[in-house]
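# A structural walkthrough
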Amino acid sequence: MDRSAADMTDLEARSLGRAFRDGLAELNAVQAARCLVAVASLLLVLVTLDPFPDLRNPDVTTVVGGRMALAYVSWGLLAAVAALLVATTDAPALKTLVTPLHLCLVGWLVINIVLSESRGVSIQRFVLAASVTSLAVLLPLLPPTQRSFNLCLGAAALVLLALCYLGIFLAPQYSIHTALDIGEPQLAGDWRGSFGHKNIASPVMTILVYVGIYLTAVGSFVMGPAIAALAGIFLIFTGGKTSSVLCLAIYALASLVYVTPGLWLKRIICFVPLIVMNLLTVGSVLSPTLGGMTRLLPLDPTFTGRSAIWEFALAAVAEKPVIGHGYAAFWDDVTARQTAQGAEWATSAAHSHNSYLDLAVTIGLPGLLLVILVFVLAPLGNFQSAQAHSRSGALAKLFLTVWLFGLYYGATETFLLERQNPIWFMFALAVAGLHFLARFQCVEQMEPQR
């Protein structure tokens with residue numbers, strides 16, 4: 001970096017430091033602890049306990065028992081601490097989470113795990129998913145004010161961006177895909193930062209662009225633009241086509257929803273393009289008519305031959321349409337399945353490249369329906385309610401944008417209910433944020449102590 005860029009980075013760091021110190025000065029010890037738990041949760045999911053994996057190492061895909069145990073302990077402890085902190089002051093907010101629909105989803109997941117083809121695997125992975133999701137849901141309640149929430153979000157974003165850019169400049173072999181990568185050498189040159197793949201880095205950077213825009217809107221005129229610009233530049237260099245296209249398109253869609261008055265019109269704007277997108281992708285392998293239509297398009301909606309994976313996954317759904325094959329227990333070893341005959345290439349995939357289809361495979365069609373009700377339909381109603389009560393418009397728009405991005409990103413990649421996946425964490429955080437904003441008013445800042 002040249003001197004001017006270094007000076008600018010130093011200025012941003014000093015500005016963040018002053019803002020963070022001023023924010024902490026308003027808080028007592030417990031409130032500061034809540035903020036630290038929030039930042040630690042964000043950093044744990046975004047940076048992880050194993051950043052900058054060496055993709056040239058043949059053992060990179062090997063699961064190390066001790067490292068996994070550390071991940072389970074870290075997530076479990078953070079979730080327990082967060083639950084204790086929130087339960088002391090936000091019991092009314094927690095009670096609103098106990099709804100018949102939420103209980104039905106949890107109950108169905110328990111039944112699915114009991115009947116899973118690999119019960120031990122499903123139980124183990126569900127424990128981690130429960131800890132991660134609990135933290136994501138509790139995180140909007142941890143910072144005592146909206147200002148402290150903004151500072152936690154901005155601090156975590158800047159730490160991640162600093163690590164990613166330092167990796168690019170100081171250790172490119174660990175932060176940029178190379179031709180020596182064991183898995184996908186064809187990605188050589190694409191930036192991945194501290195993440196293990198560009199397909200994780202690119203959606204995270206998209207979400208950070210939204211965070212930067214939000215912070216700018218609420219008055220952080222140094223931190224906000226810095227996050228948006230740094231994340232936007234990084235997104236371009238990841239080579240992530242889906243995230244790059246969705247980034248501005250989803251923000252425009254969210255802005256349109258924001259100014260649209262009626263709930264039904266909001267639903268049409270949000271869901272009609274999403275349904276069309278899924279019909280042109282997974283639907284194209286179900287219907288010859290849709291398949292013919294997609295072939296007439298000037299782009300490849302199968303994203304370089306994913307139709308074989310979708311056909312294989314749909315055959316798996318047909319095998320067990322009701323109960324599914326078991327939470328997170330299908331894709332580990334699928335080569336021996338009857339449905340794998342003639343689809344050998346598809347069986348090398350780690351997932352179905354469609355979140356909705358993947359849920360149908362693993363937790364069955366009833367499970368998919370419950371997820372749609374909880375995570376697809378309900379959040380828009382919550383946004384409408386928050387907007388009707390004029391509750392934290394900029395924050396509600398941030399949550400709306402991240403939620404919308406997740407819905408559309410899920411049509412091409414798998415992340416829903418996926419353990420410590422950072423996109424799932426941020427998506428669940430946004431859904432929880434909309435849930436709470438629909439029922440409670442944010443505290444803007446602490447009242448002066450008398």
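For the structure given in this document, a descriptive report is provided here. Note that the coordinates shown come from a computational prediction; the quantities given were computed from them, not determined experimentally.

### A short note on the side chain of Ser-131
- Its location among the elements puts Ser-131 in helix 6 (residues 119-138).
- The exposure class assigned to Ser-131 is buried, which follows from its relative accessible area of 14%.
- Discounting residues that sit within four places of it in the chain, Ser-131 has contacts with Trp-75, Gly-76 and Ala-79.

### Structural notes on the pattern of salt bridges
- All told, the structure shown has four salt bridges when counted by the stated rule.
- Ionic pairing is found between Lys-320 and Glu-117, a salt bridge with its closest N-O pair at 3.1 Å. Of the two residues, Lys-320 is situated in the loop between helix 14 (307-319) and helix 15 (355-388) and Glu-117 in the loop between helix 5 (100-114) and helix 6; the sequence distance between them amounts to 203 residues.

### Here we look at the side chain of Thr-401
- Structurally, Thr-401 can be placed in helix 16 (residues 393-409).
- Thr-401 gets classed as buried once you look at its relative accessible area, which sits at 1%.
- Each residue touching Thr-401, except ones within four places of it in the same chain, is listed here: Tyr-210, Ile-250, Tyr-251 and Ala-254.

### Some details on unusual backbone geometry
- Of note, the phi angle at Phe-52 is positive, near 50°, even though the residue is not glycine.
- Among the structural elements, Phe-52 can be located in the loop between helix 2 (29-46) and helix 3 (65-89).
- The phi angle at Arg-419 is positive, at roughly 35°, despite the residue not being glycine.
- Along the chain, the position of Arg-419 falls in the loop between helix 16 and helix 17 (422-437).
- Residue Arg-419 is classed as partly exposed on the basis of its relative accessible area of 24%.

### As for the packing of aromatic side chains
- In this structure the tally under the stated criterion is 21 aromatic pairs.
- Ring centres of Trp-75 and Phe-425 lie 6.1 Å apart, and the angle between their planes is 50°; this geometry places the pair in the tilted category. Placement of Trp-75 in helix 3 and of Phe-425 in helix 17 is noted, with a sequence separation of 350 residues between them.
- Ring geometry for Phe-126 and Tyr-327: centres 5.9 Å apart, planes at 85°, overall edge-to-face. On the criterion of sequence distance, the pair formed by Phe-126 in helix 6 and Tyr-327 in the loop between helix 14 and helix 15 is long-range, its members being 201 residues apart.
- Residue classification places Phe-126 among the partly exposed positions, given a relative accessible area of 23%.
- A relative accessible area of 5% places Tyr-327 in the buried class.
- Members of the aromatic cluster, joined through ring pairs, are Tyr-210, Tyr-251, Phe-375, Phe-405, Tyr-409, Phe-415, Trp-424 and Phe-427.
- Of note, Arg-56 hangs over the ring of Tyr-174, and the distance from its end group to the ring centre comes to 5.4 Å.
- Between Lys-397 and the ring centre of Tyr-258, over which it is positioned, the NZ or CZ distance is 5.5 Å.

Analysis parameters
- Residues numbered from 1 in each chain as written.
- Predicted model: local features only at pLDDT ≥ 70, side-chain atom pairs only at ≥ 80, totals over all residues.
- Heavy atoms only, no water.
- Helix = DSSP H or I, 4+ residues; strand = E, 2+ residues; numbered from the N terminus.
- Buried < 20%, exposed > 50% of the residue type's maximum accessible area, 1.4 Å probe, protein only.
- Contact = heavy atoms within 4.5 Å.
- Salt bridge = Lys/Arg side-chain N within 4 Å of Asp/Glu carboxyl O.
- Phe/Tyr/Trp six-rings, centres within 6.5 Å; stacked < 30°, edge-to-face > 60°.
- Lys NZ or Arg CZ within 6 Å of the ring centre and 35° of its normal.

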